[in-house]
Amino acid sequence: MTDLSTLEQEIFSGFANIKSKTELENFKIEILGKKGKLSKLFQDLATIEKDKKKEFASEINILKSKVLDKFQNLTNQFDQEELEKKLQDQTVDVTLPGTNRPQGKVHPVSQVIDELTSIFAELGFSVAEGPDVENEYNNFTALNTPPNHPARDMHDTFYLDESKNLLLRTHTSPVQIRTMLNGKPPFKIIAPGRTYRCDSDQTHTPMFHQLEGLYVDQNVTMADLRGCLDYFLKKFFEVDEIKMRFRPSHFPFTEPSAEVDIGYELKNGKITIGQGDKWLEILGCGMVHPNVLKNAKVDPSKYQGYAFGVGIDRLAMLKYGINDLRSFFESDVRWLEHFGFNANDVPSNYRGLSR
Ligand code: PHE
């Protein structure tokens, strides 16, 4: 007959060698499985004399429960160890330096719009908006553009319907009309936004950005226009002096009309704005044509004002040294990483516009 204390010793020294949960599972089968050492003892019971049976049975049961306890303890121990290892592997060290994740940047066009808004707010202009999809009336007719004016030509304008009533606005000037029809003078607004023309090369894209300016009141003169532009250009290019000249020009919606050039200089491939003997065309402007005021239900015998329109993309290219306009709209993150701005550096007249 099996000596129980020898078996107990054998089992417990077996326990001592177990190093993993799998080993423990296998050992359990070896001991308690159908053909296991302990299970065999229960089979032996049948062959034992009746009077010793009871005592032997209780001894094996005691051994069995000791062994089961040990299994349970070891299982708990292995589970605990596994949990601790997991916790250690997954520990986050919050003091480690962060990994370099790509960061979003503010597009130079958005940056320049913010800068312009900040500058013109200083002069009392508020921001107005109009839709990209305009009607022919606001984009041309109300702006005193004659029916046969070349700007209406199919080659320049994206018309959206057969009757040529809906179009993608070719400039931000229709916001002048919308603003005046929607309120009472005086008006002092800027309107930044997208504009569209059928054009594409290094300096033209079918979609581009303009900023419209409109100031209508009882005593607004061309001198006010000049003063306003001088202030804006100095602030924008962050220079103390800026050479500026008004060149007579023509727009159907202004009279007189002018194109404004600013002086610049090229030295070692670098452009300096404000000084020098070269001229750069920068914007169109003039005194709002009386017909435009009439069309917008403003009495031209009482009110007058100035308007101007400036290319935002062009301003961004000049200020930030970007030489291909098309690159603005290619959505290349490497380009944006290089030319973009930190989202937290909101332009302000006091803290500085661009850095
Ligand atoms: N709308 C004109 C353009 O797109 C610019 C302009 C605006 C000129 C306002 C005069 C007054 O070229």
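Look up: the structure comes first, before these words.
As a starting point, this report considers the structure included with it. (Residues numbered from 1 in each chain as written. Predicted model: local features only at pLDDT ≥ 70, side-chain atom pairs only at ≥ 80, totals over all residues. Heavy atoms only, no water.)

## Brief notes about the pattern of salt bridges
Part 1 of the argument: In the structure shown here, the tally under the stated rule is 17 salt bridges.
Part 2 of the argument: Residue E337 pairs with K105 through a salt bridge whose shortest N-O separation is 3.7 Å. Of this pair, E337 sits in helix α11 (residues 333-339) while K105 sits in the loop between α4 (50-89) and α5 (108-122); the two residues are 232 residues apart in sequence, bridging distant segments of the chain.
Part 3 of the argument: E337 gets classed as partly exposed once you look at its relative accessible area, which sits at 44%.
Part 4 of the argument: Looking at K105, the relative accessible area reads 26%, which means it is partly exposed.
Part 5 of the argument: Here R169 ties to D132 by a salt bridge, and the two come within 3.7 Å at their closest N and O atoms. On the criterion of sequence distance, the pair formed by R169 in the loop between β3 (166-168) and α7 (174-181) and D132 in the loop between β1 (126-127) and β2 (133-135) is long-range, its members being 37 residues apart.
Part 6 of the argument: Overall, the relative accessible area of 2% leaves R169 in the buried class. (Salt bridge = Lys/Arg side-chain N within 4 Å of Asp/Glu carboxyl O. Helix = DSSP H or I, 4+ residues; strand = E, 2+ residues; numbered from the N terminus. Buried < 20%, exposed > 50% of the residue type's maximum accessible area, 1.4 Å probe, protein only.)

## Some details on the site of the ligand
Part 1 of the argument: In the vicinity of the ligand there are 14 residues, among which H171, S173, R197, Q210 and G309 approach most closely.
Part 2 of the argument: At 3.0 Å from an oxygen atom of the ligand is found a side-chain nitrogen or oxygen belonging to R197.
Part 3 of the argument: Taking 320 Å² as the accessible area of the ligand by itself, protein coverage stands at 90%.
Part 4 of the argument: Residue assignment for the shell around the ligand shows that the elements contributing at least two residues are β5 (207-217), β9 (278-288) and β10 (304-311).
Part 5 of the argument: Element by element, the count of residues in the shell around the ligand is highest for β10, at three residues.
Part 6 of the argument: In terms of residue class, the shell around the ligand is built from five nonpolar, seven polar and two charged. (Near = heavy atom within 4 Å. Polar contact = N/O pair within 3.5 Å; in protein donor to acceptor, adjacent residues only side chain to side chain. Areas by Shrake-Rupley, 256 points an atom, 1.4 Å probe, with all protein chains shown as cover. Nonpolar A, V, L, I, M, F, W, Y, C, P; charged D, E, K, R; others polar.)

The values are spatial; any link to function lies outside them.
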